[in-house]
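Fold and geometry: a report
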Amino acid sequence: MRVLVVGGAGYIGSHICKALAERGDTPIVLDNLSRGHRHAVKWGPLIEQDVRNVSAVTQAMSDQHIDAVMHFAANIEVGEGQREPLAFWDNNVAGVIALLQAMERSDLRHLVFSSTCAVYGEPQTLPITEDEPRTPVNVYGQTKHVVELMLEDVSGIGTLNYAALRYFNAAGASPDGEIGEEHDPETHLVPNALKAAAGLGGPMHLFGDDYETPDGTCVRDYIHVTDLAQAHLKALDRLRDGAPSFACNLGTGSGISVKQILDAVESVTGRPVPHSISPRRAGDAAQLISDTRLARELLGFEPAFSDAQTIIKHAWAFHAPRWGVASL
Ligand code: UFG
């Protein structure tokens, strides 16, 4: 299968490309490289293009004999969305409108869409099921929620079958160390904790230790990026087998606190994680934990690498040599 991976030069997209290639499919990356990295495109061609250019994307679909599409090209940093909402609506929403137009012109009907647990906002119940009301509390979550609504409408007329995969906290790096998380600036917990352990950039800010959680710090559901990639392949196969459109959480069902992540980083790296307690970060929910039943039922999804030690071990093995630090 020839799969157009829009945003395939980014963190999650590049891991999906690797997984596609490992099972014999060909990923064709379309990426404007605004955040992604040329060096992360290793398993097929790179079309350097913005997804909002409908005619260029339509042309690429025809030239490359594309069979199915996956979409990862989005602005993801929650704080940036609050400061620059228009850029988020443009890239995250207008980008998908353009992609759907190109798919319609090309008679392509299968789309795997990268969504997020941020569509739920502050959940009323834990673990979070897919029936939880979708009331996002930030611009990032709003844009993903609106795209899901748009996908529902378009699939309603029978020209599109999609899977919207609502990730919890993606983390880790490929087990062989080939690719990993390279955001700039980095805002995510695992790489920031590793950076502090490596002695780079000073102590990490721990955002709030006064939440109503067992140790006072926020609880999240961390899922290894390689497990996420496998779930995408299963979602694509399900669509290709003729299943109707669906939306599904991707998490492990286990909550881990920020302090527990710092402990795990200390244990994996053998180094302390210098940190200071800072005020709560705007928009952080106290706890986000996925209900995993639907992913198991629809995708047969069972995470293989998503325990904290393995996630951190792989992330450290990726980062340490790039930072010039011994990894063991
Ligand atoms: N944290 C720190 N210090 C840091 C970075 C993070 O204390 O330097 C804390 C955060 O406050 C939060 C936890 O670590 O409690 C996890 O934060 P991340 O930034 O790693 O991840 P988020 O839970 O904020 O973000 C994830 C996804 C987003 C998505 C969001 C939904 O990465 O794309 O969940 O709430 F929008």
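Our subject is the structure listed above.
Residues numbered from 1 in each chain as written. Predicted model: local features only at pLDDT ≥ 70, side-chain atom pairs only at ≥ 80, totals over all residues. Heavy atoms only, no water.

1. Focus: the sheet that holds strand β2 (residues 26-31)
How we decide: Should DSSP find at least two bridges between two strands, the strands are taken to pair. Strands are runs of DSSP state E lasting at least 2 residues, helices are runs of H or I lasting at least 4, and numbering of each runs from the N terminus. Convention adopted: a line fitted to C-alpha atoms gives each axis, helices being fitted over their contacting stretch, and angles between N-to-C directions are expressed from 0 to 180 degrees. Here, residues are in contact when the closest pair of their heavy atoms is within 4.5 Å.
Strand order across the open sheet formed by seven strands is β3-β2-β1-β4-β5-β6-β11, with parallel pairing between neighbours. Looking at strand neighbours, the two that pair on one side only are β3 (46-48) and β11 (246-250), the edges of this open sheet. When the angles between neighbouring strand axes are averaged without regard to direction, this sheet yields 20 degrees. Here five bridges tie strand β1 (residues 2-6) to β2, and the two strands are oriented parallel to one another. Bridge pairing in β2 links Val 3 to Pro 27. Lying over the sheet, helix α5 (residues 139-156) contacts β5 (110-116), β6 (161-167) and β11, oriented at roughly 155 degrees with respect to β5.

2. Concerning the site of the ligand
Heads up, the condition is: Only a single heavy atom is needed: when it lies within 4 Å of a molecule or strand, its residue is near that molecule or strand. The term polar contact refers here to a pair of N or O atoms within 3.5 Å; inside protein, the definition further demands a hydrogen-donor-capable atom paired with an acceptor-capable atom, and it admits residues adjacent in sequence only when both atoms are side-chain atoms. Computed by Shrake-Rupley with a 1.4 Å probe, the accessible areas treat only the displayed protein chains as cover when residues are assessed. Gly falls in the polar group here, along with every residue not listed as nonpolar (Ala, Val, Leu, Ile, Met, Phe, Trp, Tyr, Cys, Pro) or charged (Asp, Glu, Lys, Arg). An automatic or database domain assignment supplies the residue ranges for each domain.
The full set close to the ligand counts 22 residues, and Leu 189, His 205, Arg 220, Arg 281 and Asp 284 are the nearest of them. Within the contact set of the ligand, a nitrogen atom lies 2.7 Å away from a backbone nitrogen or oxygen of His 205. Within the side chain of Arg 281, a nitrogen or oxygen atom sits 2.7 Å from an oxygen atom of the ligand. Here the ligand loses 91% of its free accessible area of 680 Å² to cover by the protein chains. If you list the elements that add at least two residues to the shell around the ligand, you get α6 (189-197) and β8 (204-207). In terms of residues, the shell around the ligand owes the most to one element, β8, which gives four residues. When its residues are assigned to classes, the shell around the ligand shows 13 nonpolar, six polar and three charged. Two domains each put at least three residues into the shell around the ligand: domain 1 (2-171 + 222-250) and domain 2 (189-220 + 253-289 + 303-322).

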